[in-house]
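# Chain and residue survey
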Amino acid sequence: EMLNLDINENTKSINSLIINKILGIKKDIKEIDEFKKAGILPKTIRIESNGKIKESMSFPTFKFKEIVDEIWEESKLYNIVTNSQFLFIIFKKYEGAEEYRLEKIQFWSMNDDDIEECRIVYEKTKEIIKNGVVITKEGNKNKNNLPSQKENNVMHVRPHAQDRDDSYELPKGGYLTKQCFWLNREYIMNVIKK
């Protein structure tokens with residue numbers, strides 16, 4: 001109401017629309033030339049009323065046939081975690097409230113130890129894809145053997161697709177739902193607390 005925005009509260013991009021209005025910009029904050037030139041990567045984070053983050057933070061999807069031929073130092077993931085300064089735009093839901101409130105904005109860069117943890121996940125992912133991803137059926141869901149949140153404190157791999165048909169071809173044939181690297185939600189919460 002304060003910003004005179006006429007939007008549905010259930011719109012997925014509501015936080016982005018609010019930030020754009022505050023900044024007085026019409027395009028997505030990620031597309032601002034000054035941010036791109038400075039290596040600033042804006043990420044919206046929502047903290048629930050219980051003080052926890054519901055979702056991990058995603059990066060762009062990767063193509064399986066490309067990642068097997070990349071080396072860490074030339075990968076897109078390496079470029080993001082080493083050359084980006086993250087701009088966390090943090091919204092928080094307070095006890096009894098229905099909406100999220102803009103809590104704070106915080107800059108952050110990943111330290112060398114955590115970059116090394118990302119490299120470990122990257123190399124393991126690459127090795128699994130080279131050797132063949134193992135897919136198992138658990139109930140009505142398909143699971144794979146790519147690195148999970150339980151295996152690393154910083155990062156994991158999981159799907160990032162519209163639906164199960166949104167997929168990339170695997171090097172050994174067949175297709176797998178698009179995947180991407182994710183920063184673990186507990187890791188992000190610890191970063192915010194520090």
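Up top is the structure these notes are about.
Let us look at the structure shown here. (Residues numbered from 1 in each chain as written. Predicted model: local features only at pLDDT ≥ 70, side-chain atom pairs only at ≥ 80, totals over all residues. Heavy atoms only, no water.)

### Some details on the environment of Ser148
With respect to the helices, strands and loops of the structure, Ser148 is situated in the loop between strand 6 (141-144) and strand 7 (155-159). You can call Ser148 partly exposed: its relative accessible area is 28%. The sequence separation of Ser148 and Glu123 amounts to 25 residues, and the corresponding C-alpha distance is 14 Å. In this structure, Ser148 is in contact with Met155 and His156, ignoring residues within four places of it in sequence. (Helix = DSSP H or I, 4+ residues; strand = E, 2+ residues; numbered from the N terminus. Buried < 20%, exposed > 50% of the residue type's maximum accessible area, 1.4 Å probe, protein only. Contact = heavy atoms within 4.5 Å.)

### Things to note about the pattern of salt bridges
For side chains bearing opposite charge, pairing can occur when the charged atoms are close. Tallying each qualifying case throughout the model produces five salt bridges. In this structure, the salt-bridge partner of Lys178 is Asp166, at a minimum N-O distance of 2.9 Å. Note that Lys178 is positioned in the loop between strand 9 (175-177) and strand 10 (179-183) and Asp166 in the loop between strand 7 and strand 8 (167-169), a separation of 12 residues in sequence. Asp166 matches Lys178 in its accessibility class, with the two residues each being buried. (Salt bridge = Lys/Arg side-chain N within 4 Å of Asp/Glu carboxyl O.)

### Thoughts on the sheet that holds strand 7
Pairing in this open sheet of three strands is antiparallel, and the strands run 2-10-7 from one edge to the other. Each edge of the open sheet carries a strand with a single partner, namely strand 2 (57-62) and strand 7. Across the sheet, the axes of successive neighbouring strands diverge by a mean angle of 30 degrees, strand direction being ignored. Sheet analysis places strand 7 next to strand 10, joined by five bridges and oriented antiparallel. Each bridged residue has a counterpart across the sheet, and for Pro159 the counterpart in strand 10 is Gln179. Strands strand 2, strand 7 and strand 10 of the sheet are contacted by helix 5 (residues 112-131), whose axis makes an angle of about 40 degrees with strand 7. (Pairing = 2+ DSSP bridges. Axes fitted to C-alpha atoms, helices over the stretch in contact; angles between N-to-C directions.)

### Considerations on helix 6 (residues 185-193)
Here helix 6 has its buried residues at Tyr187, Ile188, Met189, Val191 and Ile192. Tucked inside the fold, the buried residues of helix 6 contact strand 1 (40-47), strand 2, strand 3 (85-93), strand 4 (100-108), helix 5 and strand 10.

### With respect to a nonpolar patch on the surface
Together, Ile22, Leu23, Leu102 and Ile105 line one region of the surface with nonpolar side chains, adding up to about 360 Å² of accessible area. Of all the secondary structure elements, the ones that give two or more residues to the nonpolar patch are helix 1 (14-23) and strand 4. With respect to the secondary-structure elements, Ile105 resides in strand 4. (Patch = residues over 30% accessible without salt bridge, like charges linked within 9 Å, V, L, I, M, F, W, Y side chains within 5 Å. Areas by Shrake-Rupley, 256 points an atom, 1.4 Å probe, with all protein chains shown as cover.)

Note that all results are geometric; they support no functional claim without further evidence.
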